[in-house]
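A look at the structure
One-letter residues, chain by chain:
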Amino acid sequence: MTDASAQFEGRGRPSLRVQDARTRRRNAAEKRFRAYGLVAIGVGILALFVLLASIFGNGSSAFFQTKIQLQVPLEEKALDKSGTRDPEAMKKVTTVGYGRVLKAALADLIAREGIEIDGLSKRDIDSFLSKEAPAQLRNHVLANPDLIGTTIAFEVMTNGRIDGYFKGRVSLDSAELDSNVSPAQLHLADALKDRGLLGTGFNLDFLTAPDASDQRPEAAGLGVAIIGSAYMMIVVLCLALPIGVAASIYLEEFARKNWLTDLIEVNIANLAAVPSIVFGILGLAIFINFAGLPQSAPIVGGLVLTLMTLPTIIISTRAALRAVPPSIKDAALGIGASKTQAVFHHVLPLAAPGILTGTIIGLAQALGETAPLLLIGMVAFVREYPGAPVEGFFDPASALPVQVYNWTQRADPAFVERASGAIIVLLAFLVVMNTIAIVLRRRYERRW
Amino acid sequence: MNDMRLMERSAMTNDVKISASQVQVFYGESHAIKDVNVDILDKTVTAFIGPSGCGKSTFLRCLNRMNDTIDICRVEGRITLDGEDIYDREVDPVQLRARVGMVFQKPNPFPKSIYDNVAYGPKIHGQVRSRDELDEVVEKSLRRAALWDEVKDRLSAPGTGLSGGQQQRLCIARAVATSPEVLLMDEPCSALDPIATAQVEELIDELREQFSVVIVTHSMQQAARVSQRTAFFHLGNLVEYGETGQIFTNPGDPRTESYITGRIG
Ligand SMILES: Nc1ncnc2c1ncn2[C@@H]1O[C@H](COP(=O)(O)OP(=O)(O)O)[C@@H](O)[C@H]1O
Ligand SMILES: [Mg+2]
């Protein structure tokens, strides 16, 4: 008491340069808090970095593929016995026939180049190429029947293990123990590579090709999944945006505030928190079992994701509408605009950037959603591309996140690379969408 | 003799435009306006004065039914425009507001071009048939609001880019563009500097030739400068209403006198 009062008496005051105990404690608390903050941010960044490093480390190689350059003679007697060049007739030759042609071409190449490798059996040569290669050659020839009778240069995928050898997944030691690949094959691959006949290049097929079976990871691609996801996003956008915006405008601008609207409000908030798998069960029960829509179809996936996205869109739209200053609406009403005119001419345009941002974020959520799609059968193995819109919405398709899930379930380690590659693609889409949302928000933020 | 008749006639043209009787306004349970009776004359500036929170804005907003937009607000009594009850069930407030325009306390131009701000009213009411006609209305309205010379070269610039005083005059131009009969102004100068205030006041005096103007103000000097008639509100009651000169020089109610001399407010 006396101390404190003495301090405040004129000359006896301590210098400002000396911190008193209280100030020291406050400064220490502030320093501690800053340290906590830095640690928290550091942990977050570290986790993100580890995640990205592992995904890119595993997945970036999915965009590259080992291929071999072959001279393939397309003999008429083997591939077009009728000699008519009629694709219908040529279809009689199956992939087995084309496989024989490719194997012969490879054996020929080895002989021509004078490559001698101990213990290289005929079986080793036969299984050197991807099982998908004959089908690719067949499609190519059926599309261009005039090639029959010529020798074409054709780039052929190698078997996934050979590909894995160049990506560091397979080694000579592991090949000893692996029934799917022999050390002799790897020596052959090295020899071919030395001669510049075999190389690893960019693999656009990863983005365009359909999924492939367990035995041919090298051929598996995201084509069907990307189309399926795109179709679902179209369905979600076309349904969730208008419904969500209409519902929000009604609730925000027209509905009287009473217990019923309160109830609806609570329900919308709750709906946003419902686990996504519940929507999957709902979709299975309503859209497939009751409405009889086909399984695995983007339309069903889109409908389910619409239900999931609606609360997000409604909540963000209402926030955007509420953020428009009421004076703008008053101004419109004051000169005799009707409520609808005031909303559509003035409030909605000002809220549009916020609505779009919310919609894009909702779509991004929907794009990454997996659980409900598993329940409605989008996890099926689909090799056929769905048709063009709108009929294509009813064809079976896959979806990006489900494809990731699907590939992580496969036995062959080559699918780990594929799954990580698919995650990269998914992340790329999400980053683009979120960037658009941020740019929109920045650009149109509060213009009034 | 002749003089007398002329004076009578000019008094005759000052017809009653809006007549309110026994108006009560409630916000939920709270009684914001109590038993207000007032006749607002045509081609006259009427000022509503009173301490803040006394219900001036509330009563003003009754005159074009802007209170309808507030859920909890309830209006009782009878308000007529040219003898027609504006709270009649068959009256569409939207149509009413085209005839009774409003200018708000804070300038609130639409975040659109100056031209679009003024053109909006005539457009939605279908008052113009061609682009030329619309151009004409826009120019006339901006001239009336004494803004034309300042903005004629940048009609497509956003209205929100104008200065505060210009924005308020733009809002006045927007309100007069629909050619209303009554113009309600709720403290139109409270956000303006003295020079802009003087411009707007001058404008109000000119507008009187065509409209009946009702202005809410908390500045007694302003009321004295621009209005012919003044109504003094206090705690939801209309305490006194009459010729502005009379109210200021010889108030009939002690509360009016206290307010004018600065003892309440
Ligand atoms: N939207 C509203 N909801 C509830 N009460 C209101 C609302 N607007 C005004 N009031 C109340 O009505 C009374 C009169 O307000 P107002 O008309 O704005 O006064 P003034 O314009 O004279 O300052 C005040 O007590 C105010 O609290
Ligand atoms: Mg007020």
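Everything that follows concerns the structure shown earlier in this document.
Our subject in this report is the structure included herewith.

About the thresholds
- Residue positions are given per chain, counted from 1 along the sequence in the order it is written.
- To read the labels, note that chains go from A and ligands from 1, taken in the order they are written.
- With the structure being a predicted model, the display of local features is reserved for residues of pLDDT at least 70 and the display and counting of side-chain atom pairs for 80 or more, all residues being used for whole-chain, interface and lining totals.
- As a rule here, side-chain values cover all heavy atoms of the structure and leave hydrogens and water aside.
- Structural elements are reduced to axes, namely lines fitted to C-alpha atoms, with helices fitted over the stretch in contact, and the angle between N-to-C directions of any two is expressed from 0 to 180 degrees.
- Put simply, DSSP marks the helices as runs of H or I at least four residues long and the strands as runs of E at least two long, and each gets a number from the N terminus on.
- Working definition: roughly parallel below 35 degrees, roughly antiparallel above 145 degrees, roughly perpendicular at 65 to 115 degrees, and oblique for all remaining angles.
- In this scheme the handedness of a crossing depends on how the near helix is turned from the far one: anticlockwise by less than a right angle means left-handed, clockwise means right-handed.
- Throughout, a contact is declared for two residues whenever any of their heavy atoms are within 4.5 Å.
- Asp, Glu, Lys and Arg are counted as charged, while Ala, Val, Leu, Ile, Met, Phe, Trp, Tyr, Cys and Pro are counted as nonpolar; the rest, among them Gly, fall into the polar class.
- Strands pair, by our definition, only if DSSP identifies at least two bridges between them.
- Residues are classed as near a molecule or strand on a simple rule: at least one heavy atom within 4 Å of it.
- Polar contact criterion, stated in full: a pair of N or O atoms within 3.5 Å, where within protein one must be able to donate a hydrogen and the other to accept it, and residues adjacent in sequence count only if both atoms are side-chain atoms.
- The accessible surface values rely on the Shrake-Rupley method and a 1.4 Å probe; as for residues, cover is taken only from the protein chains in view.
- By definition here, a helix of n residues has an expected span of 1.5 Å times n minus one.
- Exposure is judged per residue with a 1.4 Å probe applied to protein chains only, and the accessible area is read against the type maximum: over 50% gives exposed, under 20% gives buried, and values in between give partly exposed.

1. Considerations on the packing of helix α2 (residues 21-59) of chain A against helix α20 (residues 414-444) of chain A
Two numbers describe a pair of packed helices, the interaxial angle and the distance between the axes. Residues and elements named next belong to chain A. It is at 7 Å that the axes of α2 and α20 come closest, and there the two elements cross at 120 degrees. The angle between α2 and α20 falls in the class oblique. Pair α2 / α20 crosses with left-handed handedness. Between α2 and α20, the residues in contact are Leu52, Ile55, Phe56, Asn58 and Gly59 and Glu417, Ser420, Gly421, Ile423, Ile424 and Leu427, respectively. By residue class, the composition of the contact of α2 with α20 is six nonpolar, four polar and one charged.

2. A few points about the sheet that holds strand β2 (residues 151-157) of chain A
Residue and element names in this part refer to chain A. Taken together, the three strands give an open sheet; going across it, the order is β2-β1-β3, and neighbouring strands pair in antiparallel fashion. Only two strands of the sheet have a single partner each, and these edge strands are β2 and β3 (198-202). Averaged over all neighbouring strand pairs, the angle between strand axes comes to 40 degrees, with direction disregarded. Here seven bridges tie strand β1 (residues 64-73) to β2, and the two strands are oriented antiparallel to one another. Counted as the bridge partner of Pro73 is Thr151 from β2.

3. So, the site of ligand 1
All names here are of chain B. Taken together, the neighbourhood of ligand 1 is formed by Tyr27, Ala32, Ser52, Gly53, Cys54, Gly55, Lys56, Ser57, Thr58, Ile70 and Ile72. Note that an oxygen atom of ligand 1 is positioned 3.0 Å from one of the backbone N or O atoms of Gly55. Contact distances for ligand 1 include 2.5 Å between an oxygen atom and a side-chain N or O atom of Ser57. In the complex, the protein chains occlude 60% of the 560 Å² of accessible area that ligand 1 would expose alone. The biggest single contributor to the shell around ligand 1 is helix α2 (residues 56-62), with three residues. When grouped by side-chain class, the residues that make up the shell around ligand 1 number five nonpolar, five polar and one charged.

4. What about helix α7 (residues 164-176) of chain B?
Residue and element names in this part refer to chain B. Helix length check: α7 (13 residues) gives 19 Å between terminal C-alpha atoms against 18 Å at 1.5 Å per residue, within 8%. Of all the 13 residues making up α7, twelve are buried; the element is thus mostly covered by neighbouring parts of the structure. Among the residues of α7, Gly165, Gln166, Gln167, Gln168, Arg169, Leu170, Cys171, Ile172, Ala173, Arg174, Ala175 and Val176 are the ones counted as buried.

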